Amino acid sequence: MPDPSPTPLLDAPHADATVLDNAPWHALTGPHASFAIGNDLVRRYPADVAPFVAVRSWEDPAIWQALVELVGPGAEIGLSGYDGEVPDGWEVVGEGEGVQLVETDALRPRPDAEAVLLGADDVPEMLAIVERNEPGPFRPRTYELGRYIGIRREGRLIAMAGERLHPEGWTEISAVAVDADHRRQGLASRLVLDVAFHIQQRGDRALLHAAASNVGAIAAYERLGFALRRRNRFWAVRTPVA
């Protein structure tokens, strides 16, 4: 079982790193509060924005009933940061281990001249590149969570990255996708550095999440100047039917 405790973070004088222990909650009660559905115990994004469900604290036993009331019976949801057993009636449909990486002083972000902004008109292509490359959850309105950019070749979107979770002082880089026939050209690194540059321009710091099994991507992010902060267990569960 992975150790959910955080490892020490390098000096971050202008950003409270403790919010990263529960990034979805601090996003939905902070900069992304306008998207939040829920209450003081549990919150979620609209289904067409992001699949994340956030809880204030796993120490509160009322959380489980609040989750059922939030998403309904028989609903499949993703949970992170919980390291116990699910209550009777709940079904575990999948689980795994993830990692959280944060920028260090070694990161050298810079804007990319070839990157173009993506928005509402680009959603069909954004959904298509996500389907081809499976970088993680991306919904029709995910682009509303932050700034998304891409690279086009002969008019076709062949690489993409953008901003997702936004706890106070931090912004997550997400949806890093490059089509198979354009890989090994440094496009993913260029887009990550561009996104990080604009995050820093706003006074935030950048973070990333990845599956612990995706060792290639983790190594690439570390070469850019990100460092492992913590590991966490994530679950896919189904709420009780009755």
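None of the values given here were measured: they were computed from a predicted structure. Per chain, residue numbering runs from 1 following the sequence as it is written. Residues qualify for local features only when their pLDDT is at least 70, as the model is predicted, and side-chain atom pairs are given and counted only at 80 or more; totals for whole chains, interfaces and linings, by contrast, use all residues. Hydrogens and water are ignored here; the side-chain numbers use all heavy atoms of the structure.

Caption draft 1: The nonpolar core, seen in detail. Throughout, nonpolar core names a set of buried Ala, Val, Leu, Ile, Met, Phe, Trp, Tyr and Cys residues whose side chains join them through atoms within 4.5 Å. The rule is simple: take the accessible area with a 1.4 Å probe, protein chains only, and divide by the maximum for that residue type; under 20% is buried, over 50% is exposed, in between is partly exposed. Residues Ala159, Ile173, Leu191, Val192, Tyr221 and Phe226 are the most contacted members of the largest nonpolar core, which totals 28 residues. Each helix is a run of H or I in the DSSP string that is no shorter than four residues. Each strand is a run of E no shorter than two, and both are numbered from the N terminus. Looking at this core, the elements with two or more residues in it are strand S5 (91–103), strand S7 (148–153), strand S8 (156–163), strand S9 (170–178), helix H4 (187–201), strand S10 (205–211) and helix H5 (215–224). The dominant element in this core, judged by the number of residues it contributes, is H4, at 7 residues. The residues touching Ala159, leaving out its near neighbours within four places in the chain, are Ile129, Ile149, Gly150, Ile151, Ala177, Val178, Leu187 and Leu191. Of all hydrophobic cores here, the second largest spans 18 residues; its members include Val53, Ala66, Leu79 and Tyr82. Residue contacts are counted whenever heavy atoms from the two residues lie within 4.5 Å of one another.

Caption draft 2: Structural detail: unusual backbone geometry. Despite not being glycine, Ala175 has its phi angle at roughly 55°, a positive value. Mapped onto the elements of the fold, Ala175 is located in strand S9. By relative accessible area, Ala175 is classed as buried at 5%. With phi around 65°, Arg184 is a residue other than glycine that occupies positive phi space. Considering the arrangement of structural elements, one finds Arg184 in the loop between S9 and H4. For Arg184, a relative accessible area of 87% puts it in the exposed group.

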